[in-house]
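Structural features, examined
Single-letter residue listing:
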Amino acid sequence: MPSGQRAQWKGFLKFGEVSCGVALYTAASTSERITFNTINKATGNRVNRIFIDSETEDPVPKEAQTKGFEIENGQYIVIDPEEISAAIPESKKTLEIEAFIPCFDVDDIYFDKPYYLTPDKMGGDAFAALRDAMKKSMVAAIARTVLFRRMRTVLIRPHGKGLIASTLNYDYEVRSSEKAFEEMPKLKIQGEMLDLAKHIISTKKGEFDPATFDDRYEAALADLVKAKLEGKSLPKPKKVQVSKPNDLLAALRESAGMMKAGDDKPKRTAANANQGTGRQRAARGAAAKSAASKAAPQRKAS
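Here's a quick rundown of the structure. The model shown is predicted, which means the values in this text are computed figures rather than measured ones.

Each value, and the rule that gives it
Residues numbered from 1 in each chain as written. Predicted model: local features only at pLDDT ≥ 70, side-chain atom pairs only at ≥ 80, totals over all residues. Heavy atoms only, no water. Helix = DSSP H or I, 4+ residues; strand = E, 2+ residues; numbered from the N terminus. Buried < 20%, exposed > 50% of the residue type's maximum accessible area, 1.4 Å probe, protein only. Contact = heavy atoms within 4.5 Å. Areas by Shrake-Rupley, 256 points an atom, 1.4 Å probe, with all protein chains shown as cover. Pairing = 2+ DSSP bridges. Patch = residues over 30% accessible without salt bridge, like charges linked within 9 Å, V, L, I, M, F, W, Y side chains within 5 Å. Salt bridge = Lys/Arg side-chain N within 4 Å of Asp/Glu carboxyl O. Lys, Arg positive; Asp, Glu negative; His and termini not counted. Charge placed at Lys NZ, Arg CZ, Asp CG, Glu CD. Phe/Tyr/Trp six-rings, centres within 6.5 Å; stacked < 30°, edge-to-face > 60°. Core = buried A, V, L, I, M, F, W, Y, C linked by side-chain atoms within 4.5 Å. Expected span 1.5 Å × (residues − 1). Arc of directions from axis to C-beta.

Side note on the overall build of the chain
Looking only at helices and strands, one finds 8 helices and 9 strands in the chain. When burial is assessed residue by residue, the chain has 21% of its 302 residues classed as buried. Long-range contacts, defined as pairs at least 24 residues apart, comprise 64% of the intrachain contacts of the chain with a sequence gap of at least 6. When the accessible surface of the chain is totalled, it reaches about 23900 Å², and 54% of it is carbon and sulfur.

Okay, here's the thing in C-alpha cells:
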C-alpha cells in the first residue's frame, strides 16, 4: 500500500479459480497543479457558483435540482437521481480476467486512466504468481468490473513489483481517425527532403525519461504568480514561425546542419528538468509569505 495514499477501490482479482484481494491507487494526479479561483474585480472577493433557472433566472437550491435528458430543443425527460442509481450495474467488487492478450494488442488511443493495482497482505502469493506468469508470457489481461458506478473494461499489465490497471475507453467513445484525417492531401515525400528528415531523426534519437520533461505551462504560471507578487512583468514569448511549403526544404537543410554542429552539446539533466516544480513551490511559498504579512481585511484568493 502506498504510504499516505488512500485506495480508490478495493475488491478481488480473479483469474480462473484463483482470486486474491487487491486495491487500486491513482497512478497519475493533477492535485499538484497551480489552480486559480474566480474573483470579483470590484471587491477582490471569491465568486461562488449559483445555479439559476434558464427561463426565470431565479436561483435553484440543491434540493430542488434533478437530472434530465434532452429529447428536443428545450424538452426534457426528467430522471430522478435514485432512478439513475438503480440503473447502475451491481458491483461484485471483483476484477474478473476474461482473456490474456499480447501486450501491444491494444491501441493506446483506448487508454483512459492508469491505476496501481496492489495485493492485500493475504493475497500476495497469488498476486505474485499472476504477475510473474504474465511477465514471462509477455501478455496483458482484459478484465471487467464496476468501478466508480460504471461498468469498466480494464487492461492489466505487469509493472515493477505490481500491476498497472488502465481503464479503457469504449469503442463508441473513441472518435474515428479516418474522419480526423479525411481532408489531408495525399503527399509522397521522397528524394532529398525525405533524406534530410531521416537524418534529423537519426541525430535526435534518445530514450524516454519522464524526469527530463518539465511542465512548461505550470512553470510559466509559477513565474507569473511570483512576478505579480514582486510587482514585475514577464517578457512576452516569441511567436513560433510555421514553415511554409516553399521554405520547407531550406528549413530541413538548415536543421540538418544545426544538428551536426550541435551534436556534442550536453543533454539536459533530470535535475534541471525539475526546475518547474521548484519554481512552482517558490511561487506558492512567496504567495503564502505575502498573504501572511498583509493584515488587510479584504479576502484573498486561495
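Once you've had a look at it, read on.
A closer look at the pairing of strand S7 (residues 139-147)
With 8 of 9 residues buried, S7 is to be regarded as a mostly interior element. The sheet contact formed by strand S5 (residues 94-102) and S7 spans 6 bridges and is antiparallel. Residue pairing in the sheet places Ile97 in a bridge with Ala143 of S7. Count of turn residues in the S7/strand S8 (residues 150-159) antiparallel hairpin: 2 residues, of which Phe148 carries a positive phi of about 55°.

A look at a negative patch on the surface
A cluster of acidic residues, Asp53, Glu55, Glu57 and Asp58, forms a negative patch on the protein surface. Assignment of secondary structure puts Glu57 in the loop between strand S2 (18-26) and strand S3 (67-72). According to the relative accessible area criterion, Glu57 is exposed, its value standing at 59%.

Quick notes on the pattern of salt bridges
Pairing of side chains with opposite charge becomes possible as their charged atoms draw close. The tally for this structure, following the rule as stated, stands at 6 salt bridges. Here Glu98 ties to Arg144 by a salt bridge, and the two come within 3.5 Å at their closest N and O atoms. A residue pair is termed long-range when its members are at least 10 positions apart, and Glu98 in strand S5 and Arg144 in strand S7 qualify at 46 residues. Overall, the relative accessible area of 32% leaves Arg144 in the partly exposed class.

Regarding the packing of aromatic side chains
The full count for this structure, using the stated rule, is 2 aromatic pairs. Ring geometry for Tyr170 and Tyr172: centres 6.0 Å apart, planes at 10°, overall stacked.

Digging into the nonpolar core
Grouped together as the largest cluster of nonpolar side chains are 22 residues, with contacts concentrated most on Leu13, Leu117, Ile156 and Leu163. Listed by contribution, the elements that provide at least two residues to this core are strand S1 (9-15), S2, S5, strand S6 (111-119), helix H2 (124-137), S7, S8 and strand S9 (162-168). When sequence neighbours within four positions are dropped, the list of residues in contact with Leu163 reads Leu13, Tyr115, Tyr116, Leu117, Phe127, Leu130, Arg131, Met134, Ile156, Arg157 and Pro158. Of all hydrophobic cores here, the second largest spans 6 residues; its members include Ile101, Ala140, Leu155 and Leu168.

Description of a nonpolar patch on the surface
Nonpolar side chains collect at one region of the surface, where Phe69, Ile71 and Ile77 lie side by side and expose about 310 Å² of accessible area between them. Residue position: Ile77 is located in strand S4 (residues 75-79). On the basis of relative accessible area, Ile77 is assigned to the partly exposed category, the value being 41%.

A look at unusual backbone geometry
The backbone of Met138 shows a phi angle near 55°, a positive value even though the residue is not glycine. Within the secondary structure layout, Met138 lies in the loop between H2 and S7. Within the chain, Arg149 stands out as a residue other than glycine whose phi angle is a positive 70°. Within the element layout of this structure, Arg149 appears in the loop between S7 and S8. Since its relative accessible area comes to 52%, Arg149 is described here as exposed.

Remarks on H2
The terminal C-alpha atoms of H2 lie 20 Å apart, and with 14 residues this matches the ideal 20 Å at 1.5 Å per residue to within 8%. Taken as a whole, H2 has its buried residues at Ala126, Phe127, Leu130, Arg131 and Met134. Each buried residue of H2 lies within a common arc of 135° when the element is viewed along its axis, so the set occupies one face. Every exposed residue of H2 that faces more than 90 degrees away from the buried side is listed here: Asp125 and Lys136. Phi turns positive, to about 55°, at Met138, one or two residues after H2.

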